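Residues per chain are reported as follows:
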Amino acid sequence: MKIAVTSEGSTLEAAVDPRFGRCKYFIVVDTDTGAFEAVDNVQNLNAAQGAGIQSAETVVNQGAEAVLTGHCGPKAFRTLSTGEVKIYVGVEGTVREAVEAFKAGKLQASENADVEGHW
Amino acid sequence: MKEIIIISGKGGTGKTSLTGAFAALAENPVLADCDVDAADLHLILKPKILETHDFSGGKQARIEPDKCTGCATCEEVCRFGAIRRIPAKDDISPPFFAVDPVACEGCGVCAWFCIPKAVQFEDALNGHWFVSETRFGCLVHAKLGVAEENSGKLVTLVRNRAKQIAKERNCPYLLVDGSPGIGCPVIASLTGADLVVIVTEPTVSGEHDLARVADLAKHFGIPVAVCVNKADINPGMADRIRVNAEARGLSFAGTVPYDKAVTAAQVAQLTIVEHDRGELGKAVRKVWERVTALADGKDTK
Amino acid sequence: MKIAIASGKGGTGKTTVATCLAQVLAETGLRVRYLDCDVEEPNGHLFLHPEIYESKPVTVPVPEVDREKCVGCGLCAKICQYAAIACVKKKVVTFPELCHGCGGCARVCPAGAIREVGRGIGVAETGRSCKIDFAQGCLRVGEAMSPSLIRQVRDIPTGAELDIIDAPPGTSCPAITAIRGADFVLLVTEPTPFGLNDLALALDMVRELDIPRAVVVNRHEDENLSARKFCSERHVQIAAEIPDDRRVAEAYSQGLLPVIALPEYRPYFLDLWANVNKLATGTPGKEPA
Ligand code: SF4
Ligand code: SF4
Ligand code: SF4
Ligand code: SF4
């Protein structure tokens, strides 16, 4: 399956970006093959508003089934849930570590947004 | 790093003068002026600009007269009355159409429905934002073009850059001069902050507006400290504000007296603590001590 | 005639000037309406104590999607500039609090699946305070769409001869919305460096809107002529200078109209009105002594 990790850089060694809507990159990883692709999020990062919503659309369009990130606001959460994407918040470390933790089943999907995400 | 936002609800309560004083009192702070409509902090901090950036708050429509056939579709679809009809001089030719840039909300509906693609829909240049050095520390601030609007986006930009600098330089405090009102810019100034200091006055309107901004801060779950400026204008009301604030579960940061030295400091381009070593300066120092204690979580009262 | 009372920033005495002017002119027999368009912090009612006759909810149109009809084409999300409507996996999600009510999504939907419904953003109230007609808008706390509310308050029909609009402070969208359509703008300032800096910005805004204007200097002190100097440099007339008086601040703090608590202040507002009339009709007003 494909998962998306918010990232501060374009490699697996980059740190997980704690912000969802305004993260620098999404690293989309195929957990079966280990192949990955860095998706630049600069357009949404600079969006006037609704960055979380637009980033969520990007993730859904990439075909990801799960998102690993630091925090996720309510609007992004609603959009992701509608797109049938599971959300894992509070993820830290490098993208590679996050993916390993996910594969090992150490992460737990959130039921709700964890931050007040107005902007 | 603790982020402290200074807001007032009602303007003119001395919020910027107090922010300036806090800047002088804080050790190694980073400063952000999010009161972009009435950005005055630079008048006392005299920043030296290091970086200048363009700011675009959104898009704007513009009609290319050559391509416009005068079909009036744009006028019909625009909900904001931003399309102006300019009748042709000869009374027979179709009228011209132009976008009123001040009224245009940048919704893009006219561009979408214009068949000959005569509407250009492009990023508007709304102003500039700056990173500067001052005698107290780094200041991030902005200046908008004439009749441009402050927005959550600009405030977020200024705050985020200031936060980033505070982290890089390992600064203990980020002081933000917040936007007035309870609308979108002020919401953007305070979300996610560690402490909001509301500066108010002992007047019926000051009290009324305090209640509204305090509700807003509560809505976003941010701790609030209330400071009453010009308290001696109406000591009875100043006291009532304190009692009510505490009853609502807000902290009270103290009072500052009415003093003409506040204006004198502005004229001298100094903060009130640099300018005044008397009662006024003392009162402000006390407020700052309490504010830092609250922000650092050392005061749990 | 409509005059807007504005200021570069809050706290300069804008509401004091607007309410005192309304009071003094109403006493002369003019039919006056005071409109509080400072919808984020409406304060005029604290001084005029109006009796409110009518309170109407104010709404903005937001989309409501009929899931049965929606074909999941995503055009609505594409036209929306504010991310107020998103389309993922052929399902539509709306975020009414971000919607500016432009109507684009409903217009673009090929399936006719979008209907517009009203979302409350505040209230518009009308009433009366003795001789003054009163109207105000009050924005719901946490709400960002103040221009829509201001527009609706500004456009409440009236039988008054004079509308006095208390505009929101600043130079952004809410202020512009309130001032637009006024015949004259009075910019209230204090003669301090902060005050004059903000006045400069407000003047630029009013110039851009091309509305006749003049300045009211509040908390004027005879030994401080910085505002006079500024106004002569910027070629704008001063319509009144209201002295710095602690008693005015004290009356204000208790919710009393200064012209009622201190009747000696009435002539300042009568003169102000005379000056506005002269300036509005193009004859230069006299410089206040
Ligand atoms: S819709 Fe296009 S062609 Fe028609 S009047 Fe407007 S700009 Fe001109
Ligand atoms: S972009 Fe929207 S607000 Fe601006 S002119 Fe076009 S339709 Fe009107
Ligand atoms: S009405 Fe306009 S702003 Fe509102 S959701 Fe539709 S397209 Fe977006
Ligand atoms: S435009 Fe209409 S049909 Fe298309 S996704 Fe939106 S609501 Fe559904």
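Residues numbered from 1 in each chain as written. Chains lettered and ligands numbered in written order. Predicted model: local features only at pLDDT ≥ 70, side-chain atom pairs only at ≥ 80, totals over all residues. Heavy atoms only, no water.

## Observations concerning the overall build of chain B
So, step 1. A tally of regular secondary structure across chain B gives 11 helices and 13 strands.
So, step 2. Each of the three principal axes of chain B carries a C-alpha extent, and together these read 75 × 40 × 35 Å.
So, step 3. Residues classed as buried in chain B amount to 57% of the 301 residues present.
So, step 4. Put simply, 77% of the contacts in chain B that link residues at least 6 apart link residues at least 24 apart.
So, step 5. Working note: accessible area of chain B is about 12100 Å², and carbon and sulfur atoms make up 51% of it.
So, step 6. Computing the positive centroid from 35 side-chain charges and the negative centroid from 38, chain B places the two 4 Å apart. (Helix = DSSP H or I, 4+ residues; strand = E, 2+ residues; numbered from the N terminus. Buried < 20%, exposed > 50% of the residue type's maximum accessible area, 1.4 Å probe, protein only. Contact = heavy atoms within 4.5 Å. Areas by Shrake-Rupley, 256 points an atom, 1.4 Å probe, with all protein chains shown as cover. Lys, Arg positive; Asp, Glu negative; His and termini not counted. Charge placed at Lys NZ, Arg CZ, Asp CG, Glu CD.)

## Re helix H11 (residues 279–295) of chain B
In an α-helix, one turn spans 3.6 residues, which is why side chains three or four residues apart end up on the same side.
Residues and elements named next belong to chain B.
So, step 1. Across its 17 residues, H11 extends 24 Å between first and last C-alpha, which sits within 8% of the 24 Å expected from 1.5 Å per residue.
So, step 2. Among the 17 residues of H11, 12 are classified as buried, and the element is accordingly described as predominantly covered.
So, step 3. Once H11 ends, the next one or two residues include Gly297, with phi positive near 75°. (Expected span 1.5 Å × (residues − 1).)

## Overview of the interface of chain B and chain C
So, step 1. Across the boundary between the two partners, chain B contributes 59 residues, which contact 59 residues of chain C.
So, step 2. In this assembly, chain B packs against chain C so that about 4800 Å² is buried in total across both faces, 57% of it on carbon and sulfur atoms.
So, step 3. Of all residues in chain B, Arg79(B), Trp112(B) and Arg212(B) give up the largest surface area on contact with chain C, accounting jointly for 13% of the area buried on that side.
So, step 4. Between Glu116(C) and Arg79(B) there is a salt bridge, with the nearest N and O atoms lying 2.6 Å from each other.
So, step 5. Where chain B packs against chain C, one counts 21 residue pairs in polar contact (both at pLDDT 80 or more). (Buried area = accessible area lost by both parts, 1.4 Å probe. Salt bridge = Lys/Arg side-chain N within 4 Å of Asp/Glu carboxyl O. Polar contact = N/O pair within 3.5 Å; in protein donor to acceptor, adjacent residues only side chain to side chain.)

## Digging into the site of ligand 4
So, step 1. Around ligand 4, a shell composed of Val65(C), Cys70(C), Val71(C), Gly72(C), Cys73(C), Gly74(C), Cys76(C), Val92(C), Cys109(C), Pro110(C), Ala111(C) and Ile114(C) is seen.
So, step 2. For the shell around ligand 4, the per-class residue count stands at 10 nonpolar, 2 polar and no charged. (Near = heavy atom within 4 Å. Nonpolar A, V, L, I, M, F, W, Y, C, P; charged D, E, K, R; others polar.)

## Points about the domain arrangement of chain B
So, step 1. For chain B, the assigned domains read domain 1 (2–56 + 128–295) and domain 2 (59–123).
So, step 2. Taking only C-alpha atoms into account, the centre of domain 1 of chain B sits 42 Å from that of domain 2 of chain B. (Domains from an automatic or database assignment.)

## Concerning the packing of aromatic side chains
So, step 1. If you walk through the whole model with that rule in mind, you get 7 aromatic pairs over all chains.
So, step 2. Between Phe22(B) and Trp288(B) the ring centres are 5.0 Å apart and the planes differ by 35°, which places this aromatic pair in the tilted class. Highlighted residues: Phe22(B) in helix H1 (residues 15–25) and Trp288(B) in helix H11, separated in sequence by 266 residues.
So, step 3. Taking the relative accessible area as the measure of exposure, Phe22(B) reaches 0% and is therefore buried.
So, step 4. Trp288(B) gets classed as buried once you look at its relative accessible area, which sits at 8%.
So, step 5. An angle of 70° between the planes, with centres 5.6 Å apart, marks the rings of Tyr173(B) and Trp288(B) as edge-to-face. Within this pair, whereas Tyr173(B) is found in strand E10 (residues 173–177), its partner Trp288(B) is found in helix H11, the two being separated by 115 residues in sequence. Of the two residues examined, Tyr173(B) and Trp288(B), each falls in the buried class.
So, step 6. Counting every residue linked through ring pairs, the aromatic cluster contains Phe22(B), Tyr173(B) and Trp288(B).
So, step 7. Stacked on the ring of Phe95(C), the Lys or Arg Arg78(A) has its end atom at 4.7 Å from the ring centre. (Phe/Tyr/Trp six-rings, centres within 6.5 Å; stacked < 30°, edge-to-face > 60°. Lys NZ or Arg CZ within 6 Å of the ring centre and 35° of its normal.)

## Quick word on the pattern of salt bridges
So, step 1. By the definition in use, this model includes 43 salt bridges over all chains.
So, step 2. Its salt-bridge partner being Asp100(B), residue Arg180(C) comes within 3.3 Å of it at the nearest N-O pair. Of the two residues, Arg180(C) is situated in the loop between helix H6 (173–179) and strand E9 (184–189) and Asp100(B) in the loop between strand E6 (96–99) and helix H4 (109–113); the pairing between them involves two chains.
So, step 3. You can call Asp100(B) buried: its relative accessible area is 7%.
So, step 4. With a closest N to O distance of 3.1 Å, Arg154(C) and Asp155(C) form a salt bridge.
So, step 5. Taken together, the shared-partner salt bridges connect Glu3(B), Arg159(B) and Lys163(B) into one network.

## A closer look at the site of ligand 1
So, step 1. The local shell around ligand 1 holds 13 residues, among which Cys68(B), Cys71(B), Ala72(B), Cys74(B) and Cys114(B) are the closest.
So, step 2. Of the residues belonging to the shell around ligand 1, the class tally is 10 nonpolar, 3 polar and no charged.

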